[in-house]
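# Topology and contacts: notes
Residues per chain are reported as follows:
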Amino acid sequence: MAKTDDTKQTACGCGAYPLSRRNLFGAALALAAAPLLRYAPAQAASVEPSEVAPGIFVHQGRYEVQSPDNRGDIANASFVVGSDGVAVIDTSGSAKMGAELREAIRAVTDKPIKYVINTHMHPDHVLGNAAFSQDEPEFVGHYKLARALGTRKESYLAANKQMLGPEAFEGSEIILPTRLIKEPTKIDLGGRELLLEPQATAHTDNDLIVTDTKTDTLFLGDLLFSVHVPTIDGSIKGWLTLLDEMGKRNAARVVPGHGPKTMELPQALEPEQRYLTAVADDVRRQIAEGKTLSEAAKTAGFSEKDAWKLFGQYHVRNVTAAFAELEWD
Ligand SMILES: [Zn+2]
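Summarised in this report is the structure supplied together with it. Owing to the predicted nature of the structure, the values given are computational and were not obtained by experimental measurement.

### A few points about the nonpolar core
Membership of the largest hydrophobic core comes to 35 residues, with the highest contact counts inside it found for L220 and I236. Secondary structure elements with two or more residues in this core: strand 13 (217–225), helix 5 (236–247), helix 6 (270–288) and helix 8 (311–326). For I236, the residues in contact, after removing those within four places along its chain, are L276, V279, A280, A322, E325 and L326.

Shown next, in the form of structure tokens:
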């Protein structure tokens with residue numbers, strides 16, 4: 001989807017801001033002075049959502065960690081268009097990405113953006129929220145989301161400013177939910193409803209499943225990772241239990257938090273189930289054998305090493321989380 005306003009990528013692809021003549025000159029100076037490697041060819045608009053079912057649009061994030069180059073575009077972000085308004089489901093990992101997502105919505109519809117729903121607390125899903133404040137939507141999340149974001153706000157902002165760099169991070173802030181979901185709840189977009197279901201602790205303690213009942217599309221957030229190695233920030237036992245339940249659901253399609261735009265149940269869940277089972281089984285066995293965490297971190301779950309991207313970045317952290325949890329079994 002082509003961008004229509006005057007916001008252009010800089011030559012380094014590391015930020016989006018208007019290029020006036022004056023800052024073009026500045027950019028040329030900066031280019032001349034900076035190491036060549038940072039300045040990859042300019043990218044096209046980075047938010048390019050596809051309509052995966054009538055009125056359902058998904059933008060696919062990259063399989064990367066946050067960087068100045070990707071501006072936090074590492075998680076899937078979606079929106080659903082009804083006859084009365086729009087719901088956004090996750091807003092990507094920076095205010096700039098959120099603004100691009102908003103532009104993409106505006107290219108499709110001028111209906112009001114009534115809801116911004118976050119599937120869970122992680123910065124790559126919530127830091128784009130700030131771009132939607134001007135729409136005065138309800139910000140919607142699991143009833144534990146407000147507390148989780150409140151507690152982690154400072155560390156999330158500091159870590160993401162560091163990873164994204166000041167330009168890509170600019171404008172990003174933590175927006176707390178204004179509507180907390182404690183029981184399964186329907187919201188009406190006009191001609192279609194979204195069912196919001198808060199889950200017990202799994203990927204995090206604030207995972208929310210969103211279902212568009214009209215097209216039978218499930219937005220699973222980070223309860224479903226594909227290609228990108230899963231990350232455990234809640235309970236490996238809770239997650240495996242939830243995956244069993246999710247496998248019994250019927251849906252026309254599911255949208256993962258990281259992975260392709262759409263997948264099918266139950267096959268979509270299988271690699272993640274296999275990964276989490278391998279980690280849990282190995283860690284349990286090593287605890288029973290009296291192994292320490294540092295010993296477990298060298299071997300547990302390594303049968304999965306070649307099956308996932310970003311294994312090196314997240315796997316040992318997952319083993320550490322699983323060890324801490326399963327030690328008390
Ligand atoms: Zn996550």
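### Brief notes about the coordination of the zinc ion
Taken together, H120 (NE2), H122 (ND1), H203 (NE2) and D222 (OD) make up the full set of protein donors to the zinc ion, lying 2.0 to 2.4 Å away. Each of the four donor atoms bound to the zinc ion contributes to angles spanning 84 to 169°, and the resulting shape is irregular. The sequence motif formed by the donor residues of the zinc ion is H-x1-H-x80-H-x18-D. Of this pair, H122 sits in the loop between strand 7 (113–117) and helix 3 (123–126) while D222 is found in strand 13, placing the two residues 100 residues apart along the sequence. The exposure classification of H122 matches that of D222, with both residues buried.

### Describing empty space enclosed by the protein
Counting across every chain of the model gives one cavity of 30 Å³ or more. Looking at the largest cavity, its volume works out to about 50 Å³. Taken together, N76, S78, I89, D90, T119, F219, L220, G221, V255, P256 and G257 make up the full set of residues lining the largest cavity. Classifying every residue of the lining of the largest cavity gives five nonpolar, five polar and one charged.

### Digging into the layout of surface pockets
There is about 560 Å³ of room inside the largest pocket. Lining the largest pocket are 24 residues; nearest its centre among them are H122, T231, D233, Y314 and R317. For the lining of the largest pocket, the secondary structure elements donating two or more residues are helix 3, helix 4 (145–169), strand 13 and helix 8.

### A closer look at the sheet that holds strand 14 (residues 253–258)
An order of 10-11-12-13-14 is seen for the five strands of this open sheet, with the pairing classed as mixed. Across the chains shown, the open sheet's two edge strands, defined by having one partner strand only, are strand 10 (185–188) and strand 14. On average, each strand axis in the sheet is tilted by 25° relative to the strand beside it, whichever way the strands run. In this structure, strand 11 (residues 193–198) lies alongside strand 12 (residues 208–212), joined through five bridges in antiparallel fashion. Along strand 12, the bridge assignment pairs L196 with V210.

### Concerning the pattern of salt bridges
For the structure on display, the rule yields 17 salt bridges. Across the salt bridge formed by E64 and R62, the nearest N and O atoms sit 3.8 Å from each other. With a relative accessible area of 29%, E64 lands in the partly exposed category. The partner of R285 in a salt bridge is E289, with the nearest N and O atoms 3.8 Å apart. Take R285: its relative accessible area is 43%, and that puts it in the partly exposed class.

### Considering the side chain of T119
Secondary-structure assignment places T119 in the loop between strand 7 and helix 3. For T119, a relative accessible area of 2% gives the class buried. Side-chain polar atoms of T119 contact the side chain of D90, separated by 2.7 Å. Leaving out residues up to four positions away in the same chain, T119 has contacts with I89, D90, H125, N206, D207, L208, G221 and D222.

### Here's the deal with the sheet that holds strand 3 (residues 50–53)
A sheet is described by the order of its strands in space; here seven strands give the open sequence 3-4-5-6-7-8-9, paired in mixed fashion. The strands lining the two open edges of the sheet, one partner per strand, are strand 3 and strand 9 (179–181). For this sheet, the mean inter-axis angle between neighbouring strands, taken without regard to orientation, is 25°. The sheet contact formed by strand 5 (residues 77–81) and strand 6 (residues 86–89) spans four bridges and is antiparallel. The residue of strand 6 that forms the bridge with V81 is V86. Contacts from helix 2 (residues 95–108) reach strand 4 (56–59), strand 5, strand 6 and strand 7 within the one sheet, and its direction differs from that of strand 5 by about 30°.

About the thresholds
Residues numbered from 1 in each chain as written. Predicted model: local features only at pLDDT ≥ 70, side-chain atom pairs only at ≥ 80, totals over all residues. Heavy atoms only, no water. Core = buried A, V, L, I, M, F, W, Y, C linked by side-chain atoms within 4.5 Å. Buried < 20%, exposed > 50% of the residue type's maximum accessible area, 1.4 Å probe, protein only. Helix = DSSP H or I, 4+ residues; strand = E, 2+ residues; numbered from the N terminus. Contact = heavy atoms within 4.5 Å. Donors = N, O, S within 2.8 Å, 3.2 Å for Na, K, Ca; no water. Tetrahedral: all angles 85-135°; square planar, octahedral: opposite > 155°, others 65-115°. 1 Å grid on protein atoms, 1.4 Å probe; cavity = no way out; pocket = protein on both sides within 12 Å on 5 of 7 lines; lining within 4 Å. Points joined across faces, edges and corners; volume = space filled by probe spheres on them. Nonpolar A, V, L, I, M, F, W, Y, C, P; charged D, E, K, R; others polar. Pairing = 2+ DSSP bridges. Axes fitted to C-alpha atoms, helices over the stretch in contact; angles between N-to-C directions. Salt bridge = Lys/Arg side-chain N within 4 Å of Asp/Glu carboxyl O. Polar contact = N/O pair within 3.5 Å; in protein donor to acceptor, adjacent residues only side chain to side chain.

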